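Residues per chain are reported as follows:
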Amino acid sequence: MKRLKSIGAFWYDFVVGDDWRVATVVVVALALTAVLVHAVGVNAWWLLPACVFAALGWSLRRATRS
Amino acid sequence: MTALPLILTVFVACAVEAIEALTIVLAAGLTREWRSTFQGMAAALAVLAVIVAVLGPTITLLPLTALRLVVGALLAIFGLQWLRKAILRATGHKSLHDEASAYLREVAAAKAASASSRGRVHDWYAFTLAFKGVLLEGLEVVFIVITFGANQHNVGAAVIGAAAAVAVVAVTGIAVRAPLAKVPENAMKFAVGIMLTAFGIFWGAEGAGVSWPGHDAALLVLVPVVALVSLGYTVLLWPRPGRSQVARSSEKAVSS
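Asker: Any chance you could explain the overall build of chain B here in plain terms?
Answerer: Along chain B, the regular secondary structure elements total 9 helices and 0 strands. For chain B, the C-alpha radius of gyration of 20 Å lies close to 18 Å, the compact-globule estimate for 256 residues. Projected onto its principal axes, the C-alpha positions of chain B cover 60 × 55 × 30 Å.

Given below as structure tokens:
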């Protein structure tokens, strides 16, 4: 069990890294983009870059304020 | 799209990780013994090669849309990690990765560890140190090789970029016989972070169904925009003259 936990922790750290919020923003932005494109019919190419830049700024602000 | 951006991105990413691995390998080899160090290094490279050989062709079997969505998301997340760290280090909010001090730490630990042999490995400590160092640093490269290569259906070009970087770093390391402390690692990580994030945004959005204005040419805009935004954040976080050195030092200590 301990070994499994440490493997899980390694992969979490490897993929997600120091700030899980950034990963969450990317996943949510991609989901929203897919909804806008397929359900609403909007070619929302701008949404992901905007969310990524905002997430980076937010993460940097949190890191420098802590 | 030509294979050049792919090869260059993988080359720089791999060079950064190879420099970090070299520091560990040198500490193990020069402090303990070279034979076990080379065994550990070879075992790690073999594991990494198997991962590329198995995952590379497998991932290219996925439908292109699904592949781009998943790989794009992973690359964007991964790229943002690299960019975040590079910006924090460039602005003094996180201490720079120092190969010289990392080397001294590894040497001190290697000298203190006792010797024991297992099977054909004469010095188990040197073996595991080299194995772990090369494997862990190499995993990031494998991730980039597979995701970049698979998305462009050119894993071979990505492998060429990675192999060239390993060769250059290894030859330089053998010639210098010291950690490559003067290489601008943070600037290289910054550049790789920009490329990973830009390609991640491009492929991720395409996977979600977006049609980019200008199609592939959108990348020619996206890469500089990511670079400019990242540089903008760096300027915003740049230490101001009014802030005291003590305050900055305590911030570094907290974040490192």
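That was the structure; now back to the text.
Asker: What is the right way to read the interface of chain B and chain A from this model?
Answerer: Reports often express the size of an interface as the amount of accessible area lost when the parts come together. Taken together, the contact between chain B and chain A spans 28 residues of the former and 29 residues of the latter. Elements with a contribution of two residues or more to the side of chain B that touches chain A: α3 (64–90), α7 (185–207), α8 (218–237) and α9 (245–255) of chain B.

Asker: In this structure, what is going on with helix α4 (residues 99–112) of chain B? I would like to understand it.
Answerer: Structural remark: α-helix, 3.6 residues per turn; residues separated by three or four positions point the same way. Residues and elements named next belong to chain B. Along its 14 residues, α4 runs 20 Å from first to last C-alpha, staying within 8% of the 20 Å computed at 1.5 Å per residue. Within the sequence span of α4, burial applies to Glu 99, Tyr 103, Glu 106 and Ala 110. For α4, the buried positions fall inside an angular range of 70 degrees around the axis, keeping them on one side. Pointing more than 90 degrees away from the buried face of α4 are the exposed residues Ala 108, Lys 111 and Ala 112. Buried residues belonging to α4 abut α1 (4–31) and α5 (124–151).

Asker: Quick question: what am I supposed to make of unusual backbone geometry here?
Answerer: One non-glycine residue, His 215 of chain B, lies in positive phi territory at about 55 degrees. Structurally, His 215 of chain B can be placed in the loop between α7 and α8.

Asker: Which parts of the structure should I look at to understand the environment of Val 27 of chain A?
Answerer: Of note, Val 27 of chain A is situated in helix α2 (residues 20–40). For the pair Val 27 of chain A and Leu 48 of chain A, spaced 21 residues apart in the sequence, the C-alpha separation amounts to 9.5 Å.

Asker: Honestly, the nonpolar core in this entry has me stumped. Any pointers?
Answerer: Here is a general trend for soluble globular proteins: nonpolar side chains tend to be buried in one another's company. Counting 89 residues, the largest nonpolar core has Val 26 of chain A together with Val 10, Cys 14, Ala 130 and Val 145 of chain B as its most contacted members. No other element matches α1 of chain B, which puts 17 residues into this core. Excluding its chain neighbours within four sequence positions, the residues that come into contact with Ala 130 of chain B are Ile 24, Val 25, Ala 28, Thr 37, Gly 40 and Met 41 of chain B.

Conventions and cut-offs
- Residues numbered from 1 in each chain as written.
- Chains lettered and ligands numbered in written order.
- Predicted model: local features only at pLDDT ≥ 70, side-chain atom pairs only at ≥ 80, totals over all residues.
- Helix = DSSP H or I, 4+ residues; strand = E, 2+ residues; numbered from the N terminus.
- Rg over C-alpha atoms; globule rule 2.2 N^0.38 Å.
- Contact = placed C-beta atoms within 7 Å.
- Expected span 1.5 Å × (residues − 1).
- Buried ≥ 20, exposed ≤ 12 C-beta atoms within 10 Å, placed from the backbone.
- Arc of directions from axis to C-beta.
- Core = buried A, V, L, I, M, F, W, Y, C linked by C-beta atoms within 7 Å.

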